[in-house]
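Inside the fold
Spelled out from the first residue to the last, the chains are:
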Amino acid sequence: MKVLDKNINAWQLGIMLFILLFANKILVLPSLLFEGAGLEAVFIPVLFFVLEMGLLFLFYKLKTKHPAQSFSFLLKNRFGTPVQVVAFVFLCAYFLCKAVLLYNVTYIFFRNVVYKDYSSFLFLFCFIPIMNHLAISGLRVMGRTMQLFFPFMLTIVLFCLVVGVFGINSSVLMFSKPFAEIALTAAKHISSFGDVVLVFVVMHRVQIKKGEWKVVFSLVTLASVLVCLITVIFILSYTYTAFMHPYAIFEIMSYVKEYGGLGRIDVVSMVGIIVFAYFHLAIYLKAFMLCFKEVFPKINPLYSVLTFNLAFLLIVGFFILNLEQAVSFAEKILPYFAIIPFGIVPILSGLLFLIKKRKEVKNE
Amino acid sequence: MSVEKILERYKKQLHNSVDIADRMIDVGGVNVGFIYLKSITDSALFAEAIFEPISRFKQTLTFENLKQIVKANDVSTIQQAEVLENILKGAVVIFISNSQEILAIDIMKYSTRVPAEPPTSAVIMGPREGFTEDFQTNISLLRRRFHSEQLVFESLAVGSITQTKVTVAYIEGIADKSIVKEVKKRIKKIKIDGVVDSYYLISLLSNRPNSFLKQVGTAEKPDVIAAKMLEGRVAIIVDNSPIVLTVPFVFLEDLQSSNDYYTNYIYSSLIRIVRVIGLLLSSIGPGIYIALQLFHYNILPIKYLITIADTTQPIPFPPFIEILFITLLFQVLYEVSLRLPSYLGLATSVVGALILGDTGVKAGLLSPPTVIVMAIAKIALYTVPEQSAQITIVQYVFIVLGASLGILGIIGGMIYLLAYANSVENFGTPFLAPFSPFILSDNKDGMLKVPVNQMKERPKSFSNEEEERMDESA
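1. Points about the overall build of chain A
Helix and strand counts for chain A stand at 15 helices and 0 strands. Expected size for 364 residues packed as a compact globule is a radius of gyration near 21 Å; at 20 Å, chain A falls within 12% of this value. Here the C-alpha coordinates of chain A stretch approximately 65 × 45 × 40 Å along the principal axes. The buried share among the 364 residues of chain A stands at 52%. Sequence separation of 24 or more characterises 85% of the internal contacts of chain A that already satisfy a separation of 6 or more.

2. Focus: the overall build of chain B
The helix and strand tally for chain B stands at 15 helices and 12 strands. What you see for chain B is a C-alpha radius of gyration of 29 Å, clearly larger than the 23 Å of a compact globule of 474 residues, by over 25%. On the principal axes, the C-alpha backbone points of chain B span a range of 100 × 60 × 40 Å. Split into buried and exposed, the 474 residues of chain B put 38% on the buried side. Once local pairs closer than 6 in sequence are excluded, the contacts in chain B between residues at least 24 apart make up 64%.

3. A look at the packing of helix α10 (residues 265-294) of chain B against helix α14 (residues 368-380) of chain B
Residue and element names in this part refer to chain B. Between α10 and α14, the shortest axis-to-axis distance is 7 Å and the interhelical angle comes to 150 degrees. With respect to each other, α10 and α14 are oriented roughly antiparallel. For α10 against α14, the interelement crossing comes out left-handed. Here α10 contributes Gly278, Leu281, Ser282, Gly285, Pro286 and Tyr289 to the contact with α14, which in turn contributes Val373, Met374, Ile376, Ala377 and Ala380. Each residue belonging to the contact of α10 with α14 can be placed in one class, and the counts come to 8 nonpolar, 3 polar and no charged.

4. Points about helix α1 (residues 10-22) of chain A
Residue and element names in this part refer to chain A. With 13 residues, α1 ought to run about 18 Å at 1.5 Å a step, and its terminal C-alpha atoms sit 19 Å apart, in line with that. Burial of α1 is extensive: 13 of the 13 residues sit out of reach of the surface. Ala23 sits one or two positions beyond α1 and adopts a positive phi of about 40 degrees.

5. Some thoughts on the sheet that holds strand β6 (residues 151-158) of chain B
Residues and elements named next belong to chain B. Strand order across the open sheet formed by 5 strands is β6-β7-β9-β10-β8, with antiparallel pairing between neighbours. Among the strands making up the open sheet, the edge pair consists of β6 and β8 (217-219). Each strand axis lies, on average, 25 degrees off the axis of its neighbour in the sheet, ignoring direction. Across 4 bridges, the pairing between strand β7 (residues 164-171) and strand β9 (residues 234-238) is antiparallel. Of the residues in β9, the one forming a bridge with Ala169 is Ala235. Contacts from helix α8 (residues 222-230) reach β7, β8, β9 and β10 (244-247), with the element oriented near 55 degrees to β7.

6. A short note on the sheet that holds strand β3 (residues 75-78) of chain B
Residues and elements named next belong to chain B. Judged by pairing direction, the sheet is antiparallel, and its 5 strands sit side by side in the order β1-β2-β4-β5-β3 without closing on themselves. The two strands at the open ends of the sheet, each matched to only one other strand, are β1 (20-27) and β3. Neighbour-to-neighbour, the strand axes of the sheet open up by a mean angle of 25 degrees, direction not taken into account. Where β1 lies against strand β2 (residues 30-37), 8 bridges are found, and the strand directions are antiparallel. In the sheet register, Asp22 faces β2, and the bridge partner there is Ile35. Its contacts with the sheet place helix α2 (residues 43-55) against β1, β2, β4 (91-96) and β5 (102-106), and it is angled at close to 25 degrees to β1.

7. Looking at the nonpolar core
Ranked by size, the top nonpolar core spans 216 residues in total, and within it Leu17(A), Tyr278(A), Leu281(A), Leu285(A), Phe288(A) and Ile236(B) carry the most contacts. Here the element with the most residues in this core is helix α12 (residues 266-295) of chain A; it accounts for 20 residues. When sequence neighbours within four positions are dropped, the list of residues in contact with Leu17(A) reads Val196(A), Val216(A), Leu219(A), Val220(A) and Ala223(A). In this structure, Ile6(B), Leu7(B), Val70(B) and Ala91(B) belong to the second largest nonpolar core, which totals 27 residues.

8. Brief notes about the domain arrangement of chain B
All names here are of chain B. Partitioning chain B into structural domains gives domain 1 (3-106), domain 2 (135-249) and domain 3 (263-423). One C-alpha centre belongs to domain 2, the other to domain 3, and the line joining them spans 35 Å. With 4 residues of domain 2 in contact, the opposing surface of domain 3 contributes 5 residues.

9. A word on the environment of Pro67(A)
Residue and element names in this part refer to chain A. Relative to the helices and strands, Pro67 resides in the loop between α3 (43-65) and α4 (71-79). Look at Pro67 and you get partly exposed, because 13 C-beta atoms sit within 10 Å. The sequence separation of Pro67 and Met174 amounts to 107 residues, and the corresponding C-alpha distance is 48 Å.

10. Examining the confidence of the model for chain A
With 91% of its residues at a pLDDT of 70 or more, chain A shows a mean pLDDT of 85. Predicted confidence for residues 360-364 of chain A stays below pLDDT 50, and this span has 7 contacts to residues more than four positions away or in other chains.

11. Considering the packing of helix α7 (residues 139-165) of chain A against α12(A)
All names here are of chain A. Contact geometry of α7 with α12 gives a least axis separation of 10 Å together with a crossing angle of 150 degrees. Classified by the angle between their axes, α7 and α12 sit roughly antiparallel to one another. Crossing of α7 over α12 shows left-handed handedness. Every residue of α12 that contacts α7 at Leu139, Met142, Met146, Phe149, Met153, Ile156, Val157, Phe159 and Cys160 is listed here: Val268, Ser269, Val271, Gly272, Val275, Phe276, Phe279, Ala282 and Lys286.

12. Examining the confidence of the model for chain B
The share of residues in chain B with pLDDT of 70 or more is 99%, and the mean pLDDT across the chain is 89. Scored as a whole, the predicted complex attains pTM 0.88, and scored at its interfaces, ipTM 0.91.

13. Structural notes on unusual backbone geometry
Residues and elements named next belong to chain B. Geometrically, the link from Val247 to Pro248 is a cis peptide bond, its omega value of -10 degrees lying close to zero. With respect to the element layout, Pro248 can be found in the loop between β10 and α9 (252-255). Here the amide bond leading from Ala433 into Pro434 is cis, since omega sits at 5 degrees, within 30 degrees of zero. Along the chain, the position of Pro434 falls in the segment after β12 (429-430). Look at Asn16: it is not a glycine, yet its phi comes out positive at around 50 degrees. Following the sequence through the fold, Asn16 ends up in the loop between α1 (3-13) and β1. Asn16 sits in the exposed class, given 9 other C-beta atoms within 10 Å. For Asn240, which is not a glycine, the phi torsion comes out positive at approximately 75 degrees. By secondary structure assignment, the location of Asn240 is in the loop between β9 and β10.

Quick notes on the rules
- Residues numbered from 1 in each chain as written.
- Chains lettered and ligands numbered in written order.
- Predicted model: local features only at pLDDT ≥ 70, side-chain atom pairs only at ≥ 80, totals over all residues.
- Helix = DSSP H or I, 4+ residues; strand = E, 2+ residues; numbered from the N terminus.
- Rg over C-alpha atoms; globule rule 2.2 N^0.38 Å.
- Buried ≥ 20, exposed ≤ 12 C-beta atoms within 10 Å, placed from the backbone.
- Contact = placed C-beta atoms within 7 Å.
- Axes fitted to C-alpha atoms, helices over the stretch in contact; angles between N-to-C directions.
- Parallel < 35°, antiparallel > 145°, perpendicular 65-115°, else oblique.
- Left-handed = near helix turned anticlockwise from the far one by under 90°.
- Nonpolar A, V, L, I, M, F, W, Y, C, P; charged D, E, K, R; others polar.
- Expected span 1.5 Å × (residues − 1).
- Pairing = 2+ DSSP bridges.
- Core = buried A, V, L, I, M, F, W, Y, C linked by C-beta atoms within 7 Å.
- Domains from an automatic or database assignment.
- pLDDT = per-residue confidence, 0-100.

Okay, here's the thing in structure tokens:
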């Protein structure tokens, strides 16, 4: 078996980011944000999406300046191998933990909603082969497959939003939470954001022609707006009981379950969650593979898949089994990892603009 | 060596096969020996155009006279090493005692089928000719469509025993030279004892021979092949096969039908959408049905759920076994109807579809919704007949996924399948083009079809030498 890796274009990168921006933000996050920050929770995603857009802008500047080089090469060239290796070890850990969190949230959703008596291993049996296959097939194949599914994903999200609007209970938002509580909630859930950091990992695999950057920025903006709308509609639909409903996109449809004899249309959101989850996990694995390759350049990339699978199974199988544990993992451990997308990577990227190169930059 | 001994030697080399004919006559003191295979030569033509003029010749026969007096077109002087090959290809080989030179006259003749409409590519309006097993007929069917010197046929022999003629056909100036070169290279590399049909070449011409996906196009109609060649594809004609291969191949080709081009474009677009629906119904329909029945029954409309519950409740088998049983039954009936004579095939269909199906339902062994779902799936399979084998495999996989993992498994399977299809490329052409990667201009003849006057360019899914196919002013 050979790991295939060819370049991706602006559309494929944009769609990957579009998928990444949804993640658990359409499932458990709106409910958790409401629990901590009340109605003011609607502002938290907006704030973080602005930060993510800033991260993307930083990438745009870096990519424009160094179109053919990888982020890893730039780090090694300016700061030396230790900094490059440490940064990519952190990124490996970050993507692994994010995958664990997403898998758990998705698994708990399916176990509670559909597969009540089924074990976690059934889901692993389902998810692992597909994410492995997508990641091993390479970035281009993954990008093209996501491109094929993109119209369906967008239609599903828009459909859910339109249906969700009919379920809105209150149109008045009474803000009452103090700033400290909002800030604390934002800090607790910071790890749910920052996925845009992927662009730095795939930097050398992206080919963006002049004028195509708007595609990437438009898709990221679109995803951000849609996630914010889902959060707002969810909170307006449930107002004061939103914290009791952990699956936002699914819950906003439950008011309008039966529609004209067509059956329960909330299955549409379930299909959307499945598609997002499969692709999302595959992107995390691919990102892990690319980071692993930078840390161990001489090792066959298939070992990175093996490492990811083993670590993933270990964490999922032994440490995190229910929603409470998953939420606790997300609130207590993962926030420290947020320093990678919102701290380490932007600082290093900023320094790349400021510090002069050590030696002549060559194409890899 | 005397002519008699020469003839004896070749007869021996051909193991004194029953269809060998040899004859020796004396013409003005010169011995003339003929040897040929009766089974593949035109005996009447031999008597009239070769034997009679030679036997009536009154002067001393020389090799030059011999070439002049025979009344045949395809006359050639050959080497000793080529004698057997010429005999086996239907030529009469002539030896004369006063010359070392050997004459071969091609008068090959064998029974062939008349070009008829292929059963799987019928059209309501449009050409009804189909290729036959005769290589020359197939070439003439194509040549008739191109009155141009740009049409090129290059012949190669494949198979150490069969020496089957494999012809590479393309239009010079349109087909990409590198693709033509690669096709010839791959054909020359084939080391096999024999090629009985063009299907033998499919896996040998594929980049991923073990893949279940079809990577080489097939067609039985000359108009289809002509249209594909005009787009820049290379055709491969194999002697003794009515199926002509084309490369590069994209999945979209099998969604298209020649009928689409001989009818209104809006209707064609509609029919293509129907084909895609048929494809989905047959590939994932049974899988979704079983997933709904086992895992997601609560999403069904309540009236439909009651109907299903009422009909499936008395069935003694689990839904998975029930659906597998029906699938197997259909497959058995299909295989039987293919092999039985048509009058018996009809009877089998009646027994299978009406008696077994109806009795199975009445006996409480099968539920009506399952029978209906499987019947729809199996009928819909033939909306894209060229892909029926592949869809059948996919159908089985989705039944297993639906039964074991529900919708989660079905969607996972779809992602896996599409990612796999996306990874398949043959002759540098992505299998799912122009859908993935998305090529807007090629989608003019994709899921929807625009009128011919708007298809001004050749497909961009694969490379060709000339992009424009219509003058801009048209």
